[in-house]
Amino acid sequence: MATQEGMPLTDVNGSPLFTLKNGKPELIGTKCRNCDTVVFPKRPQCPKCFTETMEEILLSTRGKVFSSTVLYQAPGAPFDGEVPYSIGNVELPEQVLIQSRFSGSGDTPYPIGTEVELQAEICGKDEAGNHLLMHTFVKV
Ligand SMILES: [Zn+2]
């Protein structure tokens, strides 16, 4: 896996979706202190018990493909990658589904159950010309 330099994409509140440790990404989620529900992206209120007892956690970097499909049209700026590519949900050991692009899959979706690992990939540039990084999963 190549080490990528750049800025992680952010959620709707402007918080980075992942952190980089020695070039390796770790997704930032939240876990409810009341009922242990884990969510991604992070949020202040638990979607299950509605308490505001969420604490920030770093999620596992390996999981299994839960669902997968192929996109033939790019989502638009800032994404400037090639199409087609596959996307889907990855189930992590924390029982949370992560919506993600699958790297290197082309027009062949990863089969359900495929073991995948998190990586960061340049997906475009911001207005200042800095590389933007998105989280993706790739087959182990
Ligand atoms: Zn809860």
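Residues numbered from 1 in each chain as written. Predicted model: local features only at pLDDT ≥ 70, side-chain atom pairs only at ≥ 80, totals over all residues.

Visitor: Just checking my understanding: could you explain the overall build of the protein for this structure?
Guide: Helix and strand counts for the protein stand at zero helices and ten strands. In sequence order, the protein lays out its α and β elements as β-β-β-β-β-β-β-β-β-β. In summary, the protein has a C-alpha radius of gyration of 15 Å against a globular reference of 14 Å for 140 residues, a match within 12%. Expressed as lengths along the three principal axes of its C-alpha atoms, the size of the protein is roughly 40 × 40 × 30 Å. In the protein, which comprises 140 residues, the proportion classed as buried is 27%. (Helix = DSSP H or I, 4+ residues; strand = E, 2+ residues; numbered from the N terminus. Rg over C-alpha atoms; globule rule 2.2 N^0.38 Å. Buried ≥ 20, exposed ≤ 12 C-beta atoms within 10 Å, placed from the backbone.)

Visitor: Teacher, can you tell me more about the environment of Leu27 here?
Guide: Within the element layout of this structure, Leu27 appears in strand 3 (residues 24–32). Through-space distance from the C-alpha of Leu27 to that of Ile98 is 9.3 Å; in sequence the pair is 71 residues apart. Apart from the residues within four sequence positions on either side, Leu27 is in contact with Leu17, Phe18, Phe40, Leu59, Ile98, Leu118 and His135. (Contact = placed C-beta atoms within 7 Å.)

Visitor: Would you explain the confidence of the model for the protein in this entry?
Guide: A low pLDDT score tells you not to read the predicted coordinates there in detail. For the protein, per-residue confidence averages 90 on the pLDDT scale, and residues scoring 70 or more make up 97% of the total. Predicted confidence in the protein is weakest over strand 1 (residues 7–8), with a mean pLDDT of 89, and strongest over strand 5 (residues 54–58), with 97. (pLDDT = per-residue confidence, 0-100.)

Visitor: Is there a simple way to think about unusual backbone geometry in this case?
Guide: In terms of backbone geometry, most residues other than glycine have negative phi values and most peptide bonds are trans. In this structure, the amide linkage connecting Phe40 to the following residue, Pro41, adopts the cis form with an omega of -5°. Relative to the elements of secondary structure, Pro41 occurs in the loop between strand 4 (38–39) and strand 5. A cis amide bond, omega 0°, links Val83 with the succeeding residue Pro84. Note on placement: Pro84 falls in the loop between strand 6 (62–71) and strand 7 (85–91). Here Asn22, not a glycine, exhibits a phi torsion of approximately 55°, which is positive. Relative to the elements of secondary structure, Asn22 occurs in the loop between strand 2 (18–21) and strand 3. At Gln95, a residue that is not glycine, the phi angle is positive and equals roughly 65°.

Visitor: Would you take a moment to explain the nonpolar core for this structure?
Guide: Soluble globular proteins tend to pack their nonpolar side chains together in the buried interior. Of all hydrophobic cores here, the largest spans 19 residues; its most connected members are Leu27, Val90 and Ile98. Elements supplying a minimum of two residues to this core: strand 8 (97–102), strand 9 (115–125) and strand 10 (131–139). Looking at this core element by element, the count peaks at four residues for strand 9. Beyond its immediate stretch of four places on either side in the chain, Ile98 contacts Leu27, Phe40, Asn89, Val90 and Leu92. (Core = buried A, V, L, I, M, F, W, Y, C linked by C-beta atoms within 7 Å.)

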